[in-house]
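Next come the chains, spelled out residue by residue.
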Amino acid sequence: MAGSSRKKLLLMGRSGSGKSSMRSIIFSNYSAFDTRRLGATIDVEHSHLRFLGHMTLNLWDCGGQDVFIDNYFSTQKDHIFRMVEVLIHVFDVGSKKLAKDIDIFQKCIKNLREFSPDAKVFVLLHKMDLMQLNKRDEIFNTMMKTLEEHAVPFGFTIRGFQTSIWDESLYKAWSSIVCSLIPNMTAIQNHLKSFAEISEAQEAVLFEKTTFLVISHASATAEGDENLDPKRFEKISNIIKTYKQSCSKMKSQLKRLTLHGHNCSAYIDNLTGNTFIMVVMPPREAHEGTFCDDDGSVIVTNIRAAREWFEKVELLEG
Amino acid sequence: MSETAIINVSSLDRPKVLLMGLRRSGKSSICKVVFHNMQPLDTLYIESTSKPVEEEFNSLIDFSVQELPGQLNFFEPDQYIDSDRLFQNVGALVYVIDSQDEYLNALSNLHNIIEYAFKINPDINVEVLIHKVDGLSEDFRLDTQRDIMQRVSDELVDARLDDGDVKLNFHLTSIFDHSIYEAFSRIIQKLIPELPVFENLLNVLCSHSLFEKVFLFDVNSKIYVATDSSPVDNQTYEVCTDFIDVAVDLDNLYENGSDSKSSENTLKCVSKLQNGVTLHLHQMVKGLALVGLIRKENGQKMALVDYNVQVFREGLERIWGINKK
C-alpha cells in the first residue's frame, strides 16, 4: 500500500515565476517576506512531505531557467514526466514573453500525454497582486481560454487559479490541488458533516496539520452562509499560518485556541495526528434560554470523542 | 487660513503628540502604519505632506497626533503657524531622523527646534526616532544611535542646556517590524496621567493570576498603554501583538453583516501552545484589550483567571468613570 500512496507533483514554470516561493510558504512555513531570501532553483529540487499520515507528496520543484527546461524536454523527459499525478504550472502574469510561456506549457502537456496521461493539470496565474484589481478577472479569463485551447487537444482539462503570495489566494489554490489527491475525500466530508450536525456547530473546518491547508468543511445549517465571506476558509489558513510563525518565535507550536468573539465562538484543536479541526459555534445569544456552554467544555469533549473515529476515517481507502 | 483653523481647534485637554522631521524622513508613513493599519510596503505610494495634519484618537486615553510637513521652516517670521502656541500644548515632540540618509542637517534642525520649544515649554518630552533602521546592520544601528546621541547632547551642552533639563529620549525604529509600535507605546505612556494606577492594577493581577506578563493594548494601533513592572521582552510583545491580530481577524471572518447584536459580548481568546504557555486576550473597555501570558498553567486556575480579569475590568471602568466627571 505504501507505494501507491506516494504522489508525484511537478511544479513547472519559467524562471522567476514564483514556484519556489509558493512552495516555501505552503510547505516550509516561510512568511511572504522570507521568500526574498530564496535564490534560483538549480535543476530539480525534491521535497518529500507527509500529508495526512499515509500519503506522501513528492514535490518536484523544477528550476525554470532555459537550460534546465530544454533538458526536461529532451534527455530527462522520461525521468521527469513519468508517474506524475499532478502537474502544477505557474505563470507570472506580468511576464513579457507570453508566447514562450505558452510554448513551454504546451511542451509540458505534450510530454505529460506521453508518459502520464491520467495526470491532473493545474494552472496558477501567479503574482496577481501586481495587476489592477478590476482587470484581474479579465486577464485570468483570456489567459485560461488560450491555455485551454492548448490543453484540450491532448485530452487534459485544466483548472486555473489566480494566486499571490501576499494574500490568501495561494491557500485556496493549493488546498484544491491537495484535495484532488486525497482518495477518501467523500468519506471525510460525510463524517465532518455529521460531526457538525451532532455538535450543533455553525461550521466545522478540517485542516492539515503542518500546512494548515483546508481539507474539508461542513456547515450544519445551509442558510445564513451567504452573508459570510466566501473566502473565509483560505483566510483562516492564512491567519493561523501567521500565528504559527509567531508561536515559533516562542519556540513552540500551536496546541489549541479558543475564541469567544462578537460574531462567533470558535475552537481550534488537534483532531488526529495529522489534522486540526476548527469548530465554529453561533454567538452566545443565539441559544439563550437553552444550556449555555460558556467554557466550551462540551465542544472540547466532542472533539476528543471524535478523535478516534476520524483517525479511522483517515485510513479508509477511497 | 484653513491651516490655522486646524491647529487652533484642537482641544486643550488631550495630550498632543507633535510629529516633526525633515522631508522624506518617514513621518506620514509612521502615522499610516501605526494608526491606520496600512501595510508597510504600501507607504511607498504616500504623497508628500504639504499641510499640517491633525488626527485624534480615542481609547482609554484620548490623544491627538499632529503631523507637520518637513518643508516648513518654523523660524521664518512670515508663518501661518503660531509656533509659540504650537509647542505650548504639546505633550511629546517626536522628531524623526532618517538613519539611512546623511543626518547632520536633521540634527541641526532638531537642535534648533529643541532650543525653541524648550524656551516655550520646558516640560516638553522630546523623543527622537532614529528611523528606517531596517536598512542598517545590527552593529551599525548601535553605532548610529551612539553617534546621534553624542552629537545631540554636545550641541545641547554648547547651548547651555543640560541633558537633565531637556527630557530627551532616543528610539531605534522601523515600520517593517514591531519597533515603531514599541517606541510609540513608550511615548504615549508618558502622556497618561493614570499610568501608575494601571501598572499597579496589572501588577496585582499578575501576582494573583500566575500571569508572567500582561499588557494593556490599544487594539486598533497595537500600542500598549501599560504593562506590569517586569521588564518587557521584545519577543513576548511581538507574540502578543500577533495574537491580537489572530483573535480580531478570526472573529471578523464570521461577521454576519446583517445584525448589530452582541455589543455586550466581550471578545475573549485563549490559546495554548505545546510548551505549556497559554496566551490570553480579554477585551476591556474603550478599545483596550488585556493580553497576557501564563506559563505552566494547570487547568483549574482558568476560572480564577477569568474572575480576576473581570475584577480588573471593573477597576478600569471605575478609573474611567472618575475621569469622566
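All figures in this text were calculated on a predicted structure; none of them were measured in a lab.

Right, let's get into the overall build of chain A. A tally of regular secondary structure across chain A gives 9 helices and 11 strands. The C-alpha radius of gyration computed for chain A amounts to 21 Å, which stays within 12% of the reference 20 Å derived for 318 residues, consistent with globular compactness. Seen through its principal axes, chain A has C-alpha atoms that stretch 70 × 45 × 40 Å. For chain A, restricting intrachain contacts to residue pairs at least 6 apart in sequence, the fraction spanning at least 24 positions comes to 69%. Put simply, chain A has 39 plus and 39 minus side-chain charges, and the middle of one group is 7 Å from the middle of the other.

Let us now look at unusual backbone geometry. Residues and elements named next belong to chain B. Of note, the phi angle at Leu210 is positive, near 65 degrees, even though the residue is not glycine. Within the fold, Leu210 resides in the loop between helix H7 (195-209) and strand S7 (211-218). Here the phi dihedral of Lys222 falls at roughly 60 degrees; this positive angle occurs in a residue that is not glycine. You can see Lys222 is positioned in the loop between S7 and strand S8 (223-227).

This part takes up the domain arrangement of chain B. All names here are of chain B. The domains assigned to chain B are domain 1 (14-189) and domain 2 (193-321). Each partner contributes to the interface: domain 1 provides 15 residues, whereas domain 2 provides 20 residues. A combined buried area of about 1600 Å² lies between domain 1 and domain 2, and 59% of that area is made up of carbon and sulfur atoms. Where domain 1 packs against domain 2, one counts 0 salt bridges. On inspection of domain 1 and its partner domain 2, the count reaches 4 residue pairs in polar contact (both at pLDDT 80 or more). Mapped by element, the contributors of at least two residues to the side of domain 1 that touches domain 2 are helix H2 (27-36) and helix H6 (179-189). Element by element, the count of residues in the side of domain 1 that touches domain 2 is highest for H6, at 7 residues. Classifying every residue of the side of domain 1 that touches domain 2 by side-chain character gives 7 nonpolar, 5 polar and 3 charged.

Calculation criteria
- Residues numbered from 1 in each chain as written.
- Chains lettered and ligands numbered in written order.
- Predicted model: local features only at pLDDT ≥ 70, side-chain atom pairs only at ≥ 80, totals over all residues.
- Heavy atoms only, no water.
- Helix = DSSP H or I, 4+ residues; strand = E, 2+ residues; numbered from the N terminus.
- Rg over C-alpha atoms; globule rule 2.2 N^0.38 Å.
- Contact = heavy atoms within 4.5 Å.
- Lys, Arg positive; Asp, Glu negative; His and termini not counted.
- Charge placed at Lys NZ, Arg CZ, Asp CG, Glu CD.
- Domains from an automatic or database assignment.
- Buried area = accessible area lost by both parts, 1.4 Å probe.
- Salt bridge = Lys/Arg side-chain N within 4 Å of Asp/Glu carboxyl O.
- Polar contact = N/O pair within 3.5 Å; in protein donor to acceptor, adjacent residues only side chain to side chain.
- Nonpolar A, V, L, I, M, F, W, Y, C, P; charged D, E, K, R; others polar.

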